[in-house]
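# Architecture and fold: a report
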Amino acid sequence: MKNKGNESFLNIGIVFLSFLLVVMLLYTTYHFYQAGAVYTESTDSLLRYIETGEYGELVRCMYKNEAAEAKITTDMAECYAVARYYEAASFYKVYFQNGRMEEAEKKKKIMEEQKLLMGDLAYVEEDIIESLGLVD
C-alpha cells in the first residue's frame, strides 16, 4: 500500500514539473521573440527631433528606419529630407574647413536637392545653417 501512495505522489510531481517546464519554455520563447522585434521611429518622433533641434538623432532614426525597411509616408519623407540635409551640411562644413572643395561641392549639391524635398519643413534650413555655423 505504501508503494501506491509514493507512486501517485511521484506521478503528481512529474506532471507538475512537466507543466512547469512547458510554461518556462513558452515564457522563454516569448521573450526571445520580443527581443528580436524591430522598433521603428514614427513620424511624430521624427518631428519631435526636428522641433527640438536634435538633428543628429534625426539622422540616426532615419538610418534605423531604413534598415528596418519601415513604410515611408509623405511626412516621413520630408523628415528624411531634413535629416539628409543636415548630414550633408555637416559633411560640407568639415570638407570646406579642410580645403577639400570637390567633396564640399558634392555635399552642397545634396543639400540643394534635399532642400527641395523638405516641403513644409523647409523652414528648418536656417536653423541647421545657424547651428552648424555655416554662412552662405
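In what follows, the structure referred to is the one given above.
Here goes a summary of the coordinates provided. What you see is a predicted model; the values in this text were computed from it and never measured.

## A word on the nonpolar core
In terms of nonpolar packing, the biggest core is built from 29 residues, with Ile50, Tyr55, Leu58, Val82, Met111 and Ile128 touching the most fellow members. Elements supplying a minimum of two residues to this core: helix H2 (43–51), helix H3 (55–67), helix H4 (74–97), helix H5 (101–117) and helix H6 (124–132). The element best represented in this core is H4, accounting for twelve residues. In contact with Val82, other than residues within four places in its own chain, are Ile50, Tyr55, Leu58, Met118, Leu121, Val124 and Ile128.

## Regarding the pattern of salt bridges
Counted according to the given criterion, the structure contains five salt bridges. The residue Glu66 makes a salt bridge to Arg84 at a minimum N-O spacing of 2.4 Å. Taken together, the residues span a long stretch of sequence, with Glu66 in helix H3 and Arg84 in helix H4 at a distance of 18 residues. One salt bridge connects Arg100 with Glu103, and the closest N-O pair in it is separated by 3.1 Å. Of the residues examined, Arg100 reaches a relative accessible area of 41% and is grouped as partly exposed.

## Points about H5
Helix length check: H5, at 17 residues, gives a terminal C-alpha distance of 25 Å against a target of 24 Å (1.5 Å per residue), a fit within 8%. Packing partners of the buried residues in H5 comprise H4 and H6. In the segment just after H5, Gly119 is the residue with positive phi, at about 60 degrees.

## A word on the packing of H2 against H4
It is the contact of H2 with H4, at a shortest axis distance of 10 Å, that shows an interaxial angle of 35 degrees. Classified by chirality, the crossing of H4 by H2 is left-handed. Contacts from Thr43, Leu46, Leu47 and Ile50 of H2 reach H4 at Asp75, Met76, Cys79, Tyr80 and Val82. Of the residues in the contact of H2 with H4, the class split is seven nonpolar, one polar and one charged.

## Some details on the environment of Tyr85
Tracing the sequence through the fold places Tyr85 in helix H4. In this view, Tyr85 contacts Met111, Gln114, Lys115, Met118, Glu125, Ile128 and Ile129; residues no more than four positions away in its chain are not counted.

## With respect to unusual backbone geometry
One non-glycine residue, Glu69, lies in the positive phi region at around 55 degrees. Inspection of the secondary structure puts Glu69 in the loop between H3 and H4.

## Some points on the packing of aromatic side chains
Taken as a whole and assessed by the stated rule, the structure comprises three aromatic pairs. With 6.1 Å between their ring centres and 25 degrees between their planes, Phe91 and Tyr95 make a pair best called stacked. Within this pair, Phe91 and its partner Tyr95 are both found in helix H4, separated by four residues, close to a single helical turn. When its relative accessible area of 38% is taken as the criterion, Phe91 is described as partly exposed.

Thresholds, definitions, all that
Residues numbered from 1 in each chain as written. Predicted model: local features only at pLDDT ≥ 70, side-chain atom pairs only at ≥ 80, totals over all residues. Heavy atoms only, no water. Core = buried A, V, L, I, M, F, W, Y, C linked by side-chain atoms within 4.5 Å. Buried < 20%, exposed > 50% of the residue type's maximum accessible area, 1.4 Å probe, protein only. Helix = DSSP H or I, 4+ residues; strand = E, 2+ residues; numbered from the N terminus. Contact = heavy atoms within 4.5 Å. Salt bridge = Lys/Arg side-chain N within 4 Å of Asp/Glu carboxyl O. Expected span 1.5 Å × (residues − 1). Axes fitted to C-alpha atoms, helices over the stretch in contact; angles between N-to-C directions. Left-handed = near helix turned anticlockwise from the far one by under 90°. Nonpolar A, V, L, I, M, F, W, Y, C, P; charged D, E, K, R; others polar. Phe/Tyr/Trp six-rings, centres within 6.5 Å; stacked < 30°, edge-to-face > 60°.

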